[in-house]
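Single-letter residue listing:
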Amino acid sequence: DVKVAGYTPAIDETRVTEAEARFDPTVFTNLSYERRDREQGIFSTGNARIVTASSGVRQLLYSGGQAELRYQVGWTEPKGSPNPFASSQGQFWENELILEVTQPLLRDFGNEINRARITINRNNQRISLLDFRKQMEDTATEIERNYWQLVSGERDVRINERLLDETVKT
């Protein structure tokens, strides 16, 4: 019983770590390839091949929002209409460094709401630790009670043996 009860606090501690991990930063990378076969206006690339790569760090905030910092690079090779931003060969690169912070106003807004899972799991961990302690104390009490019953039983056997010896002598 003690061994089984000992697993629960460790499991609940892992749940606390898991709840806290939601707010760890994550690294991401995206790569996309696009081929356009249409005209969209004066500054369009018309028919073009576009390769975009982005990489960055994203993190959920305790306030319920999300912060993201990413570097994005794009390569475009227009086919057809001339592009005023294109180099002499018609190809051009776009480089962007983007910091984006989003904060929903009605859903998951506030530190208490977003940290609720952490608080609940910490409380569950404390409860399971107290349950484990109670199980240890109950088991120790049971062992001690059994020990003293055994001592008492052995003492009764010795007394009965002496009485039997005395009876035989008499």
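Here, the structure is the one placed above.
Residues numbered from 1 in each chain as written. Predicted model: local features only at pLDDT ≥ 70, side-chain atom pairs only at ≥ 80, totals over all residues. Heavy atoms only, no water.

## Comments concerning the pairing of strand E3 (residues 66–79)
- As paired strands, strand E2 (residues 47–60) and E3 are joined by 14 bridges and run antiparallel to one another. Residue pairing for E3: Gly 56 is matched across the bridge by Arg 70.
- Between the antiparallel neighbours E2 and E3 lie 5 residues, among them Gly 64 with a positive phi of about 105°. (Pairing = 2+ DSSP bridges. Helix = DSSP H or I, 4+ residues; strand = E, 2+ residues; numbered from the N terminus.)

## Quick look at helix H3 (residues 116–169)
- Between the first and last C-alpha of H3 there are 79 Å, a value that for 54 residues agrees with the 80 Å anticipated at 1.5 Å per step.
- When H3 is considered as a whole, its buried residues turn out to be Ile 118, Asn 121 and Ser 128.
- Turning to H3, the residues buried within the fold contact helix H1 (2–21). (Expected span 1.5 Å × (residues − 1). Buried < 20%, exposed > 50% of the residue type's maximum accessible area, 1.4 Å probe, protein only. Contact = heavy atoms within 4.5 Å.)

## Remarks on H1
- With 20 residues, H1 extends 30 Å between its outermost C-alpha atoms, agreeing within 8% with the 28 Å of an ideal straight helix rising 1.5 Å per residue.
- Where the residues of H1 are buried, they touch H3.

## Quick look at the sheet that holds strand E4 (residues 92–102)
- Judged by pairing direction, the sheet is antiparallel, and its 4 strands sit side by side in the order E1-E2-E3-E4 without closing on themselves. Each edge of the sheet is formed by a strand with only one pairing partner; in this case those strands are strand E1 (26–37) and E4. Strand-to-strand, the axes of this sheet are offset by a mean angle of 15°, without reference to chain direction.
- Sheet topology note: the E3/E4 ladder contains 11 bridges and is antiparallel. Bridge pairing in E4 links Gly 74 to Glu 94. (Axes fitted to C-alpha atoms, helices over the stretch in contact; angles between N-to-C directions.)

## Things to note about the pattern of salt bridges
- All chains considered together, the criterion is met by 11 salt bridges.
- Glu 137 is paired through a salt bridge with Arg 133; the nearest N and O atoms lie 3.2 Å apart. Here Glu 137 and its partner Arg 133 are both found in helix H3, 4 residues apart, which amounts to about one turn of the helix.
- According to the relative accessible area criterion, Glu 137 is partly exposed, its value standing at 41%.
- Classification of Arg 133 as exposed rests on a relative accessible area of 54%.
- Salt bridges sharing common partners tie together Arg 58, Glu 68, Arg 70 and Glu 100. (Salt bridge = Lys/Arg side-chain N within 4 Å of Asp/Glu carboxyl O.)

## Quick notes on the packing of H1 against H3
- Look at H1 against H3: their axes get within 8 Å of each other, and the N-to-C directions meet at 165°. One element, H1, and the other, H3, form an angle in the roughly antiparallel class. In terms of crossing hand, the pair formed by H1 and H3 is left-handed. Contacts between H1 and H3 involve Val 2, Ala 5, Gly 6, Thr 8, Pro 9, Asp 12, Glu 13, Arg 15, Val 16, Ala 19 and Glu 20 on the former and, on the latter, Arg 117, Ile 118, Asn 121, Arg 122, Asn 124, Gln 125, Ser 128, Leu 129, Phe 132, Gln 135, Met 136 and Thr 139.
- For the contact of H1 with H3, the residue count by class is 9 nonpolar, 8 polar and 6 charged. (Parallel < 35°, antiparallel > 145°, perpendicular 65-115°, else oblique. Left-handed = near helix turned anticlockwise from the far one by under 90°. Nonpolar A, V, L, I, M, F, W, Y, C, P; charged D, E, K, R; others polar.)

## Some remarks on the packing of aromatic side chains
- Here the structure, examined in full by the defined rule, presents 3 aromatic pairs.
- Relative to Tyr 62, the ring of Phe 23 lies with its centre 4.5 Å away and its plane at 50°, an arrangement referred to as tilted. Note that Phe 23 is positioned in the loop between H1 and E1 and Tyr 62 in the loop between E2 and E3, a separation of 39 residues in sequence.
- The exposure class of Phe 23 is buried, given its relative accessible area of 6%. (Phe/Tyr/Trp six-rings, centres within 6.5 Å; stacked < 30°, edge-to-face > 60°.)

## A look at the environment of Thr 76
- Here Thr 76 shows up in strand E3.
- By relative accessible area, Thr 76 is classed as buried at 3%.

## Focus on a nonpolar patch on the surface
- Side chains of Leu 69, Tyr 71, Leu 97, Leu 99 and Val 101 sit close together on the surface and give an oily, nonpolar patch of about 560 Å² of accessible area.
- The dominant element in the nonpolar patch, judged by the number of residues it contributes, is E4, at 3 residues.
- Along the chain, Leu 99 turns up in strand E4. (Patch = residues over 30% accessible without salt bridge, like charges linked within 9 Å, V, L, I, M, F, W, Y side chains within 5 Å. Areas by Shrake-Rupley, 256 points an atom, 1.4 Å probe, with all protein chains shown as cover.)

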